[in-house]
Amino acid sequence: MNMIKINPTNASRLSEVDFDNIPFGKVFSDHMFTATYEGGQWKDFTIEPTRNINVHPAMMALHYGQSIFEGMKATVDQDGTPLLFRPEKHIERLNASARRMCMPDFPRDVFLDAIHTLVDTDRDWIPPQEGSAMYIRPFMFATDEYIGVTASKNYKFMILTLPVGPYYSKPVSLKVERKYVRAVRGGVGEAKTCGNYAASLLPAKLAVEEGFDQVMWMDAHEFKYIQEVGTMNLFFVFKDRIVTPATDGAILKGITRMSIIDYLKGEGHDVQEYPLTIDEVKEAYKKGELVEAFGSGTAAVIANISRIKDTDIDMKFDESHWELSKSVKAFINGVRIGKKADKYGWIVPVKEQVEKS
Ligand code: COI
């Protein structure tokens, strides 16, 4: 049992929150978790009121980008029990990101204790509305004060939680990105590291100026194979099969993505993962064999794609055909609130796992 020190707030902000109108990413629950890596070990596991932190201007994460994060969700079932969605997969991926970025692993057991205890502490912050959730943001960053390119020796690991509604409130339109790239095989595209998101901002801004919501990233070598959206993995529903681009080291290994694959296979669908070309998608669209496309992610859950525009084609997807994505969304959202049976074992009810001190 790892000892997590709990220092509760005496000034909860809960009564200030309008749970029917929560902007994504701006409202933070009362408490956060913090831990420090010093002398080669993690220590000082603490839950305390969410507050500003002091950092030195030479803190290495600010200069050299050793910074990683995760995105998870907690929901409540019909009896008000908080539920976590596949927490073990998130600590596995956090540590895979840590290794790629030359950062220390965070101990799995402490991670799980911290998530359970933090969510339990702020359980009243979990919105009960279907489609809403408590977003959980674990993150780790380099804290050495040093101007020089090397791996930091010291780190902070923290977890914030936020009540959230849907990340995308309407179907998403995509521009096929033909100039910029998100990630290259051998790079850091598979890691959930901050620079991947920073690199997406300019292309996304240019796409928004042209009337799109986001860009659809292509492979960095030939601009031939579809990767992902940056905020989501992608699924294409053809008449006879469902295809999602194979993760090749340059695509995030989405936990919602892997859950959808399990669900669809369990429902008897032919789900295929391979390097999917934009040409195959365009050809199928022209022949009327592409039924729908959707994105998946922790924040987005399932987001329908309304349009994909390339230089030579403007593909529009009609809501009347969005049957498969609607069934996937209904299943995942239903499991997350205990309305549908958790037949794939994704859900972990929150319990107090640590002694409070
Ligand atoms: C998530 O889905 O959790 C992400 O980290 C992506 C971001 C759009 C919030």
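A.B. asks: I tried to follow the overall build of the chain on my own but got confused; where do I start?
C.D. replies: Regarding its fold elements, the chain presents 8 helices and 17 strands. For 357 residues, the compact-globule formula gives about 21 Å, and the C-alpha radius of gyration of the chain, at 21 Å, lands near that figure. By principal-axis analysis of the C-alpha atoms, the chain measures approximately 65 × 55 × 35 Å. Sorting the 357 residues of the chain into buried and exposed places 54% on the buried side. Put simply, of all contacts in the chain between residues at least 6 apart along the chain, 72% involve residues at least 24 apart. Taking the 44 positively charged and 49 negatively charged side chains of the chain as two groups, their mean positions are separated by 3 Å.

A.B. asks: Just to check I follow, could you spell out the pairing of strand E13 (residues 271-274) for this structure?
C.D. replies: On a regular strand, each side chain points to the face opposite its neighbour's, so the side chains alternate between the two faces of the sheet. Pairing of strand E12 (residues 242-245) with E13, which is carried by 4 bridges, proceeds in the parallel orientation. Within E13, the residue paired with Thr 244 across the bridge is Glu 273. For the segment spanning E12, helix H6 (residues 255-266) and E13, crossover handedness is right-handed.

A.B. asks: I tried to follow the domain arrangement of the chain on my own but got confused; where do I start?
C.D. replies: Many structure descriptions define interface size as the accessible area lost when the parts assemble. By the assigned domains, the chain splits into domain 1 (5-166) and domain 2 (172-321). Taken together, the 18 residues of domain 1 in the interface contact 18 residues of domain 2. In this assembly, domain 1 packs against domain 2 so that about 1,500 Å² is buried in total across both faces, 61% of it on carbon and sulfur atoms. Our count for the domain 1 to domain 2 interface comes out at 11 residue pairs in polar contact (both at pLDDT 80 or more). When contributions to the side of domain 1 that touches domain 2 are tallied by element, the ones reaching two or more residues are strand E4 (67-69), strand E5 (72-76) and helix H2 (87-100). When residues of the side of domain 1 that touches domain 2 are assigned to their parent elements, the largest contribution, 5 residues, is made by H2. The class makeup of the residues in the side of domain 1 that touches domain 2 is 7 nonpolar, 5 polar and 6 charged.

A.B. asks: Got a minute to help me understand helix H8 (residues 323-336) in this structure?
C.D. replies: Since the α-helix advances by 3.6 residues per turn, residues separated by three or four positions end up pointing in the same direction. Between its terminal C-alpha atoms H8 stretches 20 Å, which fits the 20 Å expected from 14 residues at 1.5 Å a residue. Taken residue by residue, H8 has Leu 324, Ser 325, Val 328, Phe 331, Ile 332, Asn 333, Gly 334, Val 335 and Arg 336 as its buried positions.

A.B. asks: How should H2 be read in this particular structure?
C.D. replies: In a regular helix each residue adds 1.5 Å, so 14 residues correspond to 20 Å; H2 covers 20 Å between its end C-alpha atoms and thus fits that length. Those residues of H2 lying buried are Pro 87, His 90, Ile 91, Arg 93, Leu 94, Asn 95, Ser 97 and Ala 98. Two residues or fewer after H2 comes Cys 102, characterised by a positive phi angle close to 60°.

A.B. asks: I would appreciate a short explanation of the layout of surface pockets in the present structure.
C.D. replies: Where empty space is left in the structure can be found by rolling a water-sized probe over the atoms. Of the voids in this model, the largest pocket is the one considered here, and its volume is about 640 Å³. In terms of lining residues, the largest pocket is bounded by 33 residues, among which Phe 69, Arg 137, Tyr 167, Tyr 197 and Thr 231 are the most central. Sorting the residues of the lining of the largest pocket by element identifies strand E7 (133-142), strand E8 (155-164), helix H4 (194-199), helix H5 (201-209), H6 and strand E14 (290-297) as the ones contributing at least two each. Both of domain 1 (5-166) and domain 2 (172-321) provide at least three residues apiece to the lining of the largest pocket.

What counts and how
- Residues numbered from 1 in each chain as written.
- Predicted model: local features only at pLDDT ≥ 70, side-chain atom pairs only at ≥ 80, totals over all residues.
- Heavy atoms only, no water.
- Helix = DSSP H or I, 4+ residues; strand = E, 2+ residues; numbered from the N terminus.
- Rg over C-alpha atoms; globule rule 2.2 N^0.38 Å.
- Buried < 20%, exposed > 50% of the residue type's maximum accessible area, 1.4 Å probe, protein only.
- Contact = heavy atoms within 4.5 Å.
- Lys, Arg positive; Asp, Glu negative; His and termini not counted.
- Charge placed at Lys NZ, Arg CZ, Asp CG, Glu CD.
- Pairing = 2+ DSSP bridges.
- Right-handed = clockwise from strand over helix to strand, strands pointing away.
- Domains from an automatic or database assignment.
- Buried area = accessible area lost by both parts, 1.4 Å probe.
- Polar contact = N/O pair within 3.5 Å; in protein donor to acceptor, adjacent residues only side chain to side chain.
- Nonpolar A, V, L, I, M, F, W, Y, C, P; charged D, E, K, R; others polar.
- Expected span 1.5 Å × (residues − 1).
- 1 Å grid on protein atoms, 1.4 Å probe; cavity = no way out; pocket = protein on both sides within 12 Å on 5 of 7 lines; lining within 4 Å.
- Points joined across faces, edges and corners; volume = space filled by probe spheres on them.

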